[in-house]
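# Architecture at a glance
One letter stands for each residue in the lines below.
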Amino acid sequence: MPITRTITLEKKKRGRKAKAAAPVLFKRKPNPKGKTLVVVESPAKAKTIERILGPDYKVMASKGHLRDLPQKTLGVDIENGFKPEYVDSAERESIIKDLQKEANRSKTVLLATDPDREGEAISWHLSKLLDVNPEDHVRIAFHEITPPAIKEAIKHPGPIDMNRVDAQQARRVLDRLVGYKLSPWLWKLIYRGLSAGRVQSVATRLICEREEEIRAFKPEEYWTVEGLYKKADSESFKAKLVQIDGKEASIRSKEEADAAVADMEGKEAEVLSVTRSRKQRKAKPPYTTSTMQQDAVNRLNFNSRKTMMLAQNLYEGIEIPGHGHVGLITYMRTDSTRISDEMIAQVRPYIETVYGEEYLPPKPNVFAKSKKAQDAHEAIRPTSLEFPPDALTSVLSRDQLRLYTLIWNRFIASQMAPQIQMTITALLGSGRCTLRASGSHVLFNGFTIMQPAKEKKGEGEENASLPPLKKGEKVTHVKTEAEQHFTTPPPRYTEASLIKTMEEKGIGRPSTYAPILDTIQKRKYVVKEGKQFVPTEIGFKVTNLLKKYFEGIINVDFTANLENWLDKIADGHATYKKVMTDFYKVFDKELEAANSQADKEKQESQEVTDVKCEKCGANMIVKMGRYGKYLACPNYPSCRNIKPYSILQGPEEVSDVKCDHCGTLMVYREGPYGRYLKCPKCNANKAIVVDTGITCPKCHEGHMVQRKTRRGRTFYGCSRYPQCDMALWNEPVDQFCPTCGSIMVKKTYKNGKELIFCSNPDCPTNPKKKKGKEKETKE
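Each chain carries its own residue numbering, running from 1 in the direction its sequence is written. Reporting of local features is limited, given that this is a predicted model, to residues whose pLDDT is at least 70; pairs of side-chain atoms are given and counted only at 80 or more, and all residues count toward the totals for whole chains, interfaces and linings. Side-chain numbers here rest on the full set of heavy atoms in the structure, without hydrogens or water.

Here we take up the UniProt feature "active site" (unreviewed entry) in the protein chain. UniProt positions are given in the numbering used here, feature names are shortened, and annotations may be inferred rather than shown by experiment. Per the UniProt record, "active site" (unreviewed entry) is annotated on Tyr-331. Secondary structure elements follow DSSP: runs of H or I no shorter than four residues count as helices, runs of E no shorter than two count as strands, and numbering proceeds from the N terminus. Tracing the sequence through the fold places Tyr-331 in the loop between strand 14 (324–326) and helix 10 (341–355). By relative accessible area, which is 1% here, Tyr-331 ends up buried. Apart from residues lying up to four places away in sequence, Tyr-331 is in contact with Asp-114, Pro-115, Asp-116, His-143, Tyr-315, His-377 and Ile-380. Polar contacts involving the side chain of Tyr-331 include one to the side chain of Asp-114, which spans 3.4 Å. Working definition: with a 1.4 Å probe on protein chains only, accessible area under 20% of the residue-type maximum means buried, over 50% means exposed, and in between means partly exposed. It only takes one pair of heavy atoms within 4.5 Å for two residues to be counted as in contact. Distance and chemistry together define a polar contact, namely a pair of N or O atoms within 3.5 Å, with one atom able to donate a hydrogen and the other to accept it when in protein, and with adjacent residues in sequence counting only for side-chain atoms on both sides.

See the structure below:
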């Protein structure tokens, strides 16, 4: 275990910076007649656990980390074994004092932080703050907040796992070294405020490299040919051309496609073979953190941060009438698909009772363990089968219920029998051409009974069926069609596909995906267009610089390998000092080379323009700022003249909108979120408002105008805001609902279809209201 130094920060005094004081060590004086103090991370969790444990226990929350590396200095003694220098959090001083007071009132202290590396590290920091010996039996861990799990954990405390503490500390110090030393290097070359990270930079690199693939992609033409055939007294069926003269049908032009169509046109086809096969489709394992985030993005349209926040709520517990505060799911940071024997014993009778014996497999479904899985926790599952989603509709929020339903369905399905399909494939011969016709139908739905109907359709549960066919019989040709296609580039990453790729490549850990994706968007390295990540110009520039000078550490293989070494530290198969030393050998060498080239790189990458600085006569250069490109005088700081980049693109486009401050006509500018208006005189900014021309239905004075949220989502609100707070997500139309009188709105789908409906969610004509009524009627 690396030795650490602790510094306690004094409170900031007026007009002075906070100074590091000599360590003031807390000496605990246990009270033999006192309660047992249990320290957890979350206040919501503390209330639940205290209720479970009873009057002999006092449960308090640390609210996360109480100590960390200092903000304004490196805080790592590189020369002395990479010793971290921790400081008490100034913002959490009152929490530290309250915990120390309670520790003095208590006979014993138990540390019950989250059951992962981060939680283990928090417990270790608490042991230092509360004067608890980490080698004593002071650490308890539980994976679900239920009375049996809590009471069992209390019976079996153990020492703090110092290997896991070392692994967390290594991750923290690695991130500090990379961020603290790389970021200032980027500031020199681009602009202040940029950041680089051991994992975030690799994630940005993946997105940039995918974009480069898309830009370099050249589409290729190809054609498919499909024939429609009919058997007497049966429905027609389609068959796809697969071979010409016994070779794979690779049709690259219209002429080749027309020739194939001519060969098949008007000719009967002979059935060459018929193959029937029964296929089983097995259930997927219950959720891990990664698979839950992916499905929440794809099915619920939740981003990873929202998903983890909702999962945290469900884990910590919800107040349920008649049951108190109940933790509804197991710990949500896991990469294991394991299910406890106790829960298996509960779920099998549940499936048999609710769905029938045929849905229960002979043995419990066991899923292969990933090589990278920690397996310290179970998979994400409901804590009790007493609370199906339907029973919680009045207790959970809409989004909590949607995520809980997703977790519930996935878990129940994971222990169900497979789906069984009958697949029929027929090969047809027509002259030189061989065609394939296929169909399938479900013999037994199995675990797919837990899937929503719309997902079953999407997965092709009911494919086109074939009429009864026999080898050697003839079928009549109806028509043949050829269709032109072009190969498509690889798709841009979405949150779901990026998370999946990062997990497959071993970059980061599932618990870190949400903050990583959040960071690269906040830094404006990437933006979202719809659901897809698109790299910005600054994202490309940072990535290219890091690839050029730090290829040794900012790459997929090195980052994945480092994650494996962190796992080895946690397992006791590697030491903190060795991993840190091996990393720093590579990093320090690259950093030294990059720093020596910084001035030269900056000079070579400067784009000099023909625009003269009117203050000193120098040719102005193009610089990058957090709001995009601009022109600056190269003689900075002696000359601080700057100009908008748009002057290189000709005269600025002047609008007819006057500045609210000085009355000057504003000009159009391009920003990270699109066009906006800027005053050339006083630099005031203004959003571009698109007026729909429709009178506000609420105040009848303003107009409904198009606006954007801070996250870039479009909505429609009254032009008199804040005097009138009328707002709609969908575009209003100049029509009113004949049923309730509310304004109608328009929704345009990807296929170009438009739907006009009532904006009132409680109106019986509203599509969502209709769906709800249909569901009630069916039930």
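This brings us to helix 2 (residues 93–105). In this analysis, the expected span of each helix is defined as 1.5 Å times one less than the number of residues it contains. The end-to-end C-alpha distance of helix 2 is 19 Å, a good match for the 18 Å that 13 residues give at a rise of 1.5 Å each. Within helix 2, burial applies to Ile-95, Ile-96, Leu-99, Gln-100, Glu-102 and Ala-103. Looking straight down helix 2, one finds that the buried residues subtend no more than 165 degrees of arc, so they occupy a single side. Residues of helix 2 that are buried in the fold lie against strand 3 (36–40), strand 4 (57–61), strand 7 (83–88), strand 8 (108–111) and helix 3 (117–129). In this context, the arc is that of the directions from the helix axis out to the C-beta atoms.

Time to look at the sheet that holds strand 3. Strand order in this open sheet of three strands is 4-3-8, and the pairing throughout is parallel. Since the sheet does not close on itself, it has two edges, and those belong to strand 4 and strand 8, each with one partner. Adjacent strand axes in the sheet meet at a mean angle of 25 degrees when their direction is disregarded. Two strands are said to pair when DSSP picks up at least two bridges between them. In this structure, strand 3 lies alongside strand 4, joined through five bridges in parallel fashion. In the strand pairing of strand 4, Val-38 is matched with Val-59. For helices, the fitted axis covers only the stretch in contact; all axes are lines through C-alpha atoms, and the angles between them, taken along N-to-C directions, range from 0 to 180 degrees. Helix 1 (residues 43–53) contacts strand 3 and strand 4 of the sheet and is inclined by roughly 170 degrees relative to strand 4. On top of the sheet, helix 2 reaches strand 3, strand 4 and strand 8; it is set at about 165 degrees to strand 4, its chief contact.

The source of the domain bounds is an automatic or database domain assignment. Partitioning the protein chain into domains gives domain 1 (36–160), domain 2 (170–217 + 491–602), domain 3 (221–282 + 420–449 + 464–486), domain 4 (292–417), domain 5 (609–678) and domain 6 (693–758). Here domain 2 and domain 3 have C-alpha centroids that lie 48 Å from each other.

Turning our attention to the nonpolar core. Membership of the largest hydrophobic core comes to 82 residues, with the highest contact counts inside it found for Leu-177, Leu-182, Trp-185, Ile-190, Met-502, Phe-550 and Phe-583. Element by element, the count of residues in this core is highest for helix 5 (residues 162–189), at eleven residues. For this core, the domains that each give at least three residues are domain 1 (36–160) and domain 2 (170–217 + 491–602). The definition of a nonpolar core used throughout is a set of buried Ala, Val, Leu, Ile, Met, Phe, Trp, Tyr and Cys residues joined through side-chain atoms within 4.5 Å. Ranked by size, the runner-up nonpolar core spans 64 residues in total, among them Ile-52, Leu-110, Leu-328 and Ala-514.

It is worth spelling out the sheet that holds strand 34 (residues 754–758) at this point. Strand order in the open sheet made by the three strands is 32-33-34, with antiparallel pairing throughout. Looking at strand neighbours, the two that pair on one side only are strand 32 (731–736) and strand 34, the edges of this open sheet. With direction set aside, neighbouring strand axes in the sheet form an average angle of 35 degrees. Judged from the five bridges that link them, strand 33 (residues 743–748) and strand 34 form a sheet pairing that is antiparallel. By the bridge assignment for strand 34, Met-744 is matched with Cys-758.

This part takes up the pairing of strand 22 (residues 628–632). Both strand 21 (residues 619–625) and strand 22 contribute to a ladder of five bridges, which runs antiparallel. When the bridges of strand 22 are listed, Val-622 appears paired with Leu-631.

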